[in-house]
Amino acid sequence: MKKFAIFASGSGTNFQAIIDTLKKEQWQAEAAIVICDKPGAQVLQRAESEGIPSFTFSPKAFPNKAAFEKTIIEQLQLHEVEWIFLAGYMRLVGPTLLEAYRGKIVNIHPSLLPAFPGLDAIGQAYQAGVKVAGITVHFVDEGMDTGPIIDQAAIHIEQGEDFESIEKRMHELEHTLYPKVIKSLLELS
């Protein structure tokens, strides 16, 4: 059975979509641990409700990124993690973690990359007045949202559609596409 980790920093809606799909479709895989850099984040409550162990850390408690990434790697090895799926993890992956899991770290980003990388991608797209927006699932590399694209999905933005409506539809798209891509990656590895 393949074991994976989910990294998240916030409410955990993508985490929940992944776990719900895993259970519904009875994947031959296990979410072995949740890694969170925000003590008190709602994703930790979701993980506890699902019976999934979590590891929370405060980056400021470490001298540098390499130090906390070494601690994360110890947790991942302890739980025999093969894959890492970033689901709202609001931190760039550093070289220490990247080298340990190269080609096995995947992110979901709320834009049609290479357009609108980085923070507030939906807001960036809204401000730009695009007619088509979407999401990208990609491998993580050294850059910010620059890794090889695995899959994308798009929505057409209606004339005069407000930001909240766009954001809601983008999240619905994430909750469908990301679990599908994860299942496919796990089955192929």
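Residues numbered from 1 in each chain as written. Predicted model: local features only at pLDDT ≥ 70, side-chain atom pairs only at ≥ 80, totals over all residues. Heavy atoms only, no water.

**What to know about the nonpolar core**
In this structure, Phe4, Phe15, Trp27, Val43, Phe85, Tyr178 and Leu186 are the most contacted members of the largest nonpolar core, which totals 38 residues. Of the residues forming this core, the biggest block, nine residues, is contributed by helix 6 (residues 163–188). Judged by nonpolar contacts, the second largest core, of 21 residues, contains Ala5, Val93, Leu97 and Val140. (Core = buried A, V, L, I, M, F, W, Y, C linked by side-chain atoms within 4.5 Å. Buried < 20%, exposed > 50% of the residue type's maximum accessible area, 1.4 Å probe, protein only. Helix = DSSP H or I, 4+ residues; strand = E, 2+ residues; numbered from the N terminus.)

**Regarding unusual backbone geometry**
Omega for the peptide link from Leu113 to Pro114 comes to 15°, which places this bond in the cis form. Its location among the elements puts Pro114 in the loop between strand 5 (105–109) and helix 5 (121–128). Residue Asp145 is not a glycine yet carries a positive backbone phi of 60°. With respect to the secondary-structure elements, Asp145 resides in the loop between strand 6 (132–139) and strand 7 (149–156). Asp145 gets classed as buried once you look at its relative accessible area, which sits at 14%.

**Focus: the packing of aromatic side chains**
What the rule picks out here adds up to nine aromatic pairs. An angle of 65° between the planes, with centres 6.1 Å apart, marks the rings of Phe62 and Phe68 as edge-to-face. Phe62 sits in the partly exposed class, given a relative accessible area of 23%. Consider the rings of Phe85 and Tyr178, whose centres lie 6.5 Å apart with planes at 90°: the pair is edge-to-face. Here the residue Phe85 occupies a position in strand 4 (residues 83–86), and Tyr178 occupies one in helix 6, the gap between them amounting to 93 residues. Judged by its relative accessible area of 0%, Phe85 is buried. (Phe/Tyr/Trp six-rings, centres within 6.5 Å; stacked < 30°, edge-to-face > 60°.)

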